[in-house]
Amino acid sequence: MAPNDVEVQDRPESRSVLLVEDSSVTQDIVQLVLKQAGHSVLIAETGEDALNFLAAEAFDVVLMDFHLPDINGLEVVKTYLANNTHEQRPSFVAITGDIRGLLADRANCEIFDRVVPKPLDIDLICSLVETLDISREKQVTPQLGNRSHPFEDLPFTFLQWPMDSGHNLIPGLKGIDAILVHSVDDLSLLWQQSGANLLPIIDLTGKLGPRADLDAAALRLEDDERTAEIINHFSDRHAEIHPDIIKSSDPADRILARLHVSGGTLEPLRGGTHRSLIQWNLIADSDGLEGAISKLESEGFLETSFFERVHHCPSCKSARLLIREECHACGSAHLKEETYLHHFRCAYQGPESDFREGGELVCPKCRRTLAHFGQDYDRPGLTVKCNSCADLTTEPFIAFLCVDCATRTPADAAPTRDVVSGVVTDTGRAYLKSGQAFFGATRQTLRFADMPLELIIALNKAASRFNETQAPFVLGYIAYENIEAIRSEHGARQAADARRLWLENLQQLLSDQPLIAKGTTHDFFLQTGVNRADLEQRLDGVKRRCDSAVRFDLGARFSTFGPEDITG
Amino acid sequence: MSGVSEALDYLFAQSFASFLALFWFVFIFEIPRYLLLFVVTAVLPKHREIEETYRGRVSVVIAGHSEEESIEKCIFALREQSRPPDELVVVSDGSSDRMAAKISSLLRKSLIDAAHSTQLRSGKSAGTNMAARLCTGNIIINVDCDCSFDRHAIRNILRPFADRDVAAVCGAILPRNTHRSLIAAFQGIEYMISISLGKQSADRIGQVTCVSGAFGAFRRDAYEAAGGLDAGGGEDLDLTLRLRRSGWRIRFAADAQCYTDVPETRAALVAQRFRWERDAVRLRYRKHVDMMNPFSRRFRWAELAHEAEFMFFNVLGAAVLPFYIFWLISTYGSFAFIVLLAAQLGLLALDLTVFLLAASVTPKANAFRLFPYLVGYSVFNSVYMRFIRLTAYVQEWIFRSSYSDSYVPNKVHKVRG
C-alpha cells in the first residue's frame, strides 16, 4: 500500500455541513475551521434560507442556532421533518445558551441529535461534525430530569447512570450538575465521558464507598441540604479551572481536575473488588492510573506519599495473586509436612513415610523395628513432601499464581508497584487555573479555541490571500511566564497595566501596523506581508525594547507560526 | 664436640652386622616402608584411564554441621567444574549457625538442587545417607563443606568408573593452608607423601583402603547395597572396607584434585589424629577383624595384606619405638643420642628421596615452598606422630575412647556401645 493511501484512510470523512447562524463572526469562525478540516460548509442566515437549502440539497450535519431572526431553530427542524418523513434526515445539532430549557421538553430531545452550548467551542464543533454517526438510526437525546429520583425537589439537573448512558450525551456534560449512580456497573465508561470527572458522584446503591462524593443510599432529611452543598462546592471549584483542562482528554489532567473539584486529595484504599486490589476515590478504572499519577507527581502537581507496595502479575498486571507453597521439582502445591526420622543404629535418616509399615516404624535399611523414641530413633527436623511427585524439601518455593490469567511467577521475581496517596499542590492548582499557558510557549501548540474571534477572522483572510497570491504572514503567540508572580506580588491591576503597555510597544515596534489581539492568558499578533524567518530575526531586538519600556519583567516569550503551520 | 666426633668415628667403624644391630628399628620399620612406596610407584605401571567423559547422572551430596561460612565457596567451586554435577544436594545437619537459611537461599537462586535441614544433629553418616537417599544420580560424590576443587576434579574422579567393577574412587586431597603454621606445613609434606604418593602406589596394587569423606565418589548401586555409611566415626574407612569385602574395586584418582584446610595448631592436629587412629583400630581390629581370620567366610588375602601392613608399620612401629629408645639409652648411655641423631639423618635422606618422588607425582603440591620444612618433617613424622598414634592406640584398646567421640552424637554412641 502506498503511503498516500494511508493518509487518505487516516483523514476523517469529508462531510457536508449546513450552518444556520445569523452572527457573521460565528459564521466566519465555523466556516474557517470546518473548511480547514476538509468539510464543505453552506451558511444560512435565516430559518427560511435554511429550509430552502435543506429542500434543495442533502446535508450530513445541520448546525442550528436556536435563536434566528425569523423562525426559531426548533420550528425550522420541525417543519423540515414534517415535509420529509421518508427521506434520510441529516443530524441536527442545536446551538443554544439555554440547554436546560431545551432539554426540559421531551419533544426537543427527539428532534435534535446533539445539543451544544453557547458560547461556541470551536474544537468541540469540529470534533462533533467529524464523529457524528450520520448513517445510524437516530437516537433520542436523553431527556434529563424526568425520571424519578430522591432529589427531584432540588433545582439541579442530574445525569442518571446508567439510564442516561448512550452515545449522545451532551459533550462535556454541560448543563448537568451531578451524576446519580443507580448501578455500579460500567462506571469506567461513565468516567470516560468528557466532563464526568468534574461532577459530584451521588451514590444511590450504597456500594461505591469513597468513590462517591455522597452516599445517598440511606436517605435522611438533611441529605438535600448536603447534596446542594456538595454540588455548589463542585460548581465553585469547577469555575476555577481553565477551559484547557476542562476540555483536556489527557488522563492526568482529568484526574487533577477531579481531585481539585472533589477536595484536593487522592486516596487509595485496599479492596478486593478491582483486580489491582486498590480502589481510589475516583470512579475511574484503577488500571493504568499509576502512569497518570506519576506524571502529575513528576510535574510537581501532586505531592505523594507512600501507601502500599503491591505485587502484580508480570503478564496481565493483576494483583489478584494466589500465594502458593510449591514443590521445587514439579511446581505442585499439593504438599504435606513430614518429620525426618533418624535411626541411630544404622545411620539411616529419611522422611517418616520411609519407615512407616502399618502401625510400625521399620528401618528400610536394616529392617529393625524402631521401638523407643530417643533410644532407637529421634525426629531431627521437618520436611515437606510433594504428594504429586514425592520430592522432598525443607523449604518449599513460594510462588504467585495470577487468578486472572493463571501466570505463575516465583515470589522474588514478581514485579511490584508502589501505590501512593496524594494532595494537589499549589503548583497543581496554578496549572489548573492557567491551563496550557502554565508551561509557557515552548509546549504550546496552535489552538483556535484560545484565540480571540477578531484574530480568527483576520487569520482566515490572511490564509485565503496566501492561498491565492502566496502573500506570507506570521501569527505570533505571546506568553508571559512571570505574569502570575507579578499579579500575586503587585496586584492584578499593575500586572494588567504592564501587559497592556508591553503590547502597545510591540504594536509600534512592528512595522506595517500588525493586528494585536488580547487573549485571556496569552496575547497574539498577526503580521502580514512578511516571512516568518525574517521576522524572527527582528523579534529578539523588539522584545528587548518592549521589556525595557515596562517596570516588571513579564518574562514574555514568542512562538511564531507561518502559513504552512496554519493551512497545512 | 669431641664426644660427637668420637661417636661418629665409632659409627663409621661398625661392620654391617653390628650396624644392623644398632639401627634395627630403622631397618625393620622404616626402610621397608620407604622401599615399598618407592618400588611400587617407580616400577609398577600407572592405570590407563579412559579419556571419555562419564555419561551417567552425577549427584554431589554435602552434609555439613554449622558450615555457613564455607558452603557457598564449596558450591561455587563445584559449579565451576568442567564436568559440572547434574545435581547438588545439601543437608544442614542440625546446624546452630545460619547454614539452613544459607542453603535455602542457594536453592532459591537455583545454585543447588535440593536443600534439607534438620533441627537436631544426627551426625555425618545420617546426614550423608539422607542426602544419598534423596539424590537421583548413578554416581554419588560425597564432599566436605570446607573443600574446594580444581576445575577438572569431577571429570577426573569419574573416569575410573568406566571399569564396571569399580565401586568407589577416592579424590586427591591436599592442604590449602600450609602457609599458616609450621604444623600445617608439616602436614603439607605428609599429605604429599602419604596421601598422594602413598595412595598412588596403593592404587597400583589394588590396595586403596579408604575413600575419604572429604572427596569420594561412589557407584549408587554399590553404595546402596552396602547400606551406605554406618553410624559411628571413621565411616569412610568402614564403607570402603565393606565395599572391598563385597568384591568391588576401589580406585584413587590422583588428578581429581581437592583442597581442604588442615589443623593449624598442635592441639587441633592431636585431636584429629586421635580420632582417626582410634577409629582405624576400632574398625580394623574389632568391627572387621574377621577379614583377617583365615577361618572366616569373609577372609580375603588382599584384606589380610593391608591389615598386616597397617598392623606392622603403623601399630607395631609406634609400639616398639619407646622400647627401642629405652634399649638404646640403657645400653649406650649418652651415646644413644648420637645413634638417634644418626638414625634421623639416615631417615632424612630417605625422606628427601620420597619427597622428591612425591613432588614428581603431585604437580599440584607446592613442593618447592615446602622443601625447607623437610628436616622438621622428618622428626615430626618419625617420632612425634608415632607417639600420637601410640597414645591413640592405647586409648582405644584400653579405654575404647572412639565410643565417646564428640564427632558422633551421644545418642548414637549410646546405641552403638
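Residues numbered from 1 in each chain as written. Chains lettered and ligands numbered in written order. Predicted model: local features only at pLDDT ≥ 70, side-chain atom pairs only at ≥ 80, totals over all residues.

Asks: Quick rundown of the sheet that holds strand β8 (residues 201-203) of chain A? Include the residues and the values.
Replies: Residues and elements named next belong to chain A. Ordered by their spatial adjacency, four strands build an open sheet running β6-β7-β8-β9, and the pairing between neighbours is parallel. With one partner strand each, in any of the chains shown, β6 (158-161) and β9 (214-215) form the two edges of the open sheet. Alignment of β8 against β9, held across two bridges, turns out to be parallel. Among the inter-strand pairings, isoleucine 202 is bridged to a residue of β9, identified as leucine 214. (Pairing = 2+ DSSP bridges. Helix = DSSP H or I, 4+ residues; strand = E, 2+ residues; numbered from the N terminus.)

Asks: Explain the packing of helix α11 (residues 251-262) of chain A against helix α14 (residues 426-434) of chain A residue by residue, including any values.
Replies: Residues and elements named next belong to chain A. Direction vectors running N to C along α11 and α14 enclose 105°, while the axes themselves pass 11 Å from each other. As far as their axial angle goes, α14 and α11 are roughly perpendicular. Across the interface between the two elements, Leu256, Ala257 and His260 of α11 pack against Gly428, Arg429 and Leu432 of α14. Across the contact of α11 with α14, the residue classes tally to three nonpolar, two polar and one charged. (Axes fitted to C-alpha atoms, helices over the stretch in contact; angles between N-to-C directions. Parallel < 35°, antiparallel > 145°, perpendicular 65-115°, else oblique. Contact = placed C-beta atoms within 7 Å. Nonpolar A, V, L, I, M, F, W, Y, C, P; charged D, E, K, R; others polar.)

Asks: Mind laying out unusual backbone geometry, listing which residues take part and the relevant values?
Replies: Of note, arginine 367 of chain A is a non-glycine position whose phi angle comes to about 60°, a positive value. Tracing the backbone through its elements, the reader meets arginine 367 of chain A in the loop between β18 (360-361) and β19 (377-378). Given 9 C-beta atoms within 10 Å, arginine 367 of chain A falls into the exposed group. If you check the backbone angles, serine 66 of chain B has positive phi at about 50° while not being a glycine. (Buried ≥ 20, exposed ≤ 12 C-beta atoms within 10 Å, placed from the backbone.)

Asks: Give me the lowdown on the interface of chain A and chain B, citing residues and values where you can.
Replies: Chain A puts 19 residues into the contact, and the matching count from chain B is 28 residues. For the side of chain A that touches chain B, the secondary structure elements donating two or more residues are β15 (335-343), β16 (348-351) and β21 (392-393) of chain A. Looking at which element gives the most residues to the side of chain A that touches chain B, the answer is β16 of chain A, with three residues. The class makeup of the residues in the side of chain A that touches chain B is seven nonpolar, seven polar and five charged.

Asks: Explain the environment of lysine 543 of chain A residue by residue, including any values.
Replies: All names here are of chain A. Relative to the assigned elements, lysine 543 resides in helix α18 (residues 532-549). Taking the C-beta count within 10 Å as the criterion, lysine 543 has 18 such neighbours and is therefore assigned partly exposed. As a C-alpha pair, lysine 543 and leucine 509 span 34 residues in sequence and 9.3 Å in three-dimensional space. Beyond its immediate sequence surroundings of up to four residues, lysine 543 is in contact with Ala556 and Phe558.

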